[in-house]
Structure formats: structure tokens, C-alpha cells
Amino acid sequence: MQIKALTLSIVIPVYNEQHHIVKCLDSISRQSVAPDEVIIVGNNCTDDTVRIAKKYKLVKVVKESKQGIVFARNTGFNKCKSDVIARIDADTILPINWVKDI
């Protein structure tokens, strides 16, 4: 009997995080095991956060017009297709084996 590996989605709600998002997404890109999906939830950003995030092939960007972390987080959770959902902040820098360890 084969055991199916769990899949992992990372949700990142963002509001004007252009100064942090690159380091965060770079740390995800360098993971020893890639996540199955990374969802950035733009929560009415007025800076370049969403434009920057769209440059990363591993990222799916969705919008949430209701302002607030709860609304953005829940929108991201509802878009996930993986077995496991991890939510991080835009200023999070993940250690290289973070996804593998989960």
C-alpha cells in the first residue's frame, strides 16, 4: 500500500507589503521541497505588492475587497486546493526545509 504525500498551500494576505514580499517569496522559492501552491491575497493594496508577487511563477494572486486580515485570510483559505494550509505573513522568511518539515 502506497502512502500519498500530503499537499501544501501557503496563504499570504497582503496589504501594502512591497518592502517585505520579495524576501518572503524568495524564501519560498528556495525551499528544498516546493509547496503545491502559494496564494497571495491582495487586500486593497495601493503599492506595488501585487505587481511584485505576480512576477513569481509559483504565486497565484487573488483579490479580497473587504478590508481586513480575517477577510483576506479566509479568501485565501477558500481558494486552496491542498490537504494542508499554512498561513504566513508577508514579512516571514522561511528556513530552507520549512515545507519539507511540515
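Above: the structure in question.
Heads up: these notes are all about the structure in this document. Everything numeric here is computed off the predicted structure, so don't read it as measured data.

**Concerning the overall build of the protein**
Turning to step 1, where the next piece is worked out: The secondary structure content of the protein amounts to 4 helices and 4 strands.
Turning to step 2, where the next piece is worked out: Counting from the amino terminus, the protein carries its helices and strands in the arrangement β-α-β-α-β-α-β-α.
Turning to step 3, where the next piece is worked out: Relative to the globule expectation of 13 Å for 102 residues, the C-alpha radius of gyration of the protein, 13 Å, shows essentially globular dimensions.
Turning to step 4, where the next piece is worked out: Referenced to the eigenvectors of the C-alpha coordinate spread, the extents of the protein come out at roughly 50 × 25 × 20 Å.
Turning to step 5, where the next piece is worked out: Residues classed as buried in the protein amount to 38% of the 102 residues present.
Turning to step 6, where the next piece is worked out: Taking the intrachain contacts of the protein between residues at least 6 apart in sequence as the baseline, contacts between residues at least 24 apart amount to 72%.
Turning to step 7, where the next piece is worked out: Of the roughly 6,300 Å² that the protein leaves accessible, carbon and sulfur atoms contribute 52%.
Turning to step 8, where the next piece is worked out: Looking at the protein, you have 15 positive and 11 negative side-chain charges, and the mean spots of the two groups are 5 Å apart.

**Thoughts on the pattern of salt bridges**
Turning to step 1, where the next piece is worked out: Inspection of every chain in the model, using the stated rule, returns 3 salt bridges.
Turning to step 2, where the next piece is worked out: In this structure, Asp89 and Arg87 form a salt bridge, with 2.7 Å as the shortest nitrogen-oxygen distance.
Turning to step 3, where the next piece is worked out: Judged by relative accessible area, which is 36%, Asp89 ranks as partly exposed.
Turning to step 4, where the next piece is worked out: With relative accessibility at 33%, the residue Arg87 sits in the partly exposed group.

**Focus on helix α3 (residues 69–79)**
Turning to step 1, where the next piece is worked out: Listing the buried residues of α3 in full gives Ala72, Thr75 and Gly76. One side of α3 carries all its buried residues, which in axial view fall inside an arc of 95°.
Turning to step 2, where the next piece is worked out: The inward-facing, buried residues of α3 contact β1 (8–14), β2 (37–42) and β3 (59–63).

**Points about the environment of Gly68**
Turning to step 1, where the next piece is worked out: Along the polypeptide, Gly68 turns up in the loop between β3 and α3.
Turning to step 2, where the next piece is worked out: As for Gly68 and Asn43, which are separated by 25 residues in sequence, their C-alpha atoms are 7.3 Å apart.

**Remarks on the pairing of β1**
Turning to step 1, where the next piece is worked out: When you tally the buried positions in β1, you get 7 out of 7 residues, the bulk of the element.
Turning to step 2, where the next piece is worked out: Judged from the 6 bridges that link them, β1 and β2 form a sheet pairing that is parallel. Within β2, the residue paired with Pro13 across the bridge is Val41.
Turning to step 3, where the next piece is worked out: Read from β1 through helix α1 (residues 21–29) to β2, the crossover connection turns out right-handed.

**Brief notes about unusual backbone geometry**
Turning to step 1, where the next piece is worked out: One non-glycine residue with positive phi stands out, namely Asn16, at about 50°.
Turning to step 2, where the next piece is worked out: In this fold, Asn16 is placed in the loop between β1 and α1.
Turning to step 3, where the next piece is worked out: The residue Asn44 is not glycine, and still its phi comes out positive at about 65°.
Turning to step 4, where the next piece is worked out: Topologically, Asn44 is positioned in the loop between β2 and α2 (49–53).

The rules behind these values
Residues numbered from 1 in each chain as written. Predicted model: local features only at pLDDT ≥ 70, side-chain atom pairs only at ≥ 80, totals over all residues. Heavy atoms only, no water. Helix = DSSP H or I, 4+ residues; strand = E, 2+ residues; numbered from the N terminus. Rg over C-alpha atoms; globule rule 2.2 N^0.38 Å. Buried < 20%, exposed > 50% of the residue type's maximum accessible area, 1.4 Å probe, protein only. Contact = heavy atoms within 4.5 Å. Areas by Shrake-Rupley, 256 points an atom, 1.4 Å probe, with all protein chains shown as cover. Lys, Arg positive; Asp, Glu negative; His and termini not counted. Charge placed at Lys NZ, Arg CZ, Asp CG, Glu CD. Salt bridge = Lys/Arg side-chain N within 4 Å of Asp/Glu carboxyl O. Arc of directions from axis to C-beta. Pairing = 2+ DSSP bridges. Right-handed = clockwise from strand over helix to strand, strands pointing away.

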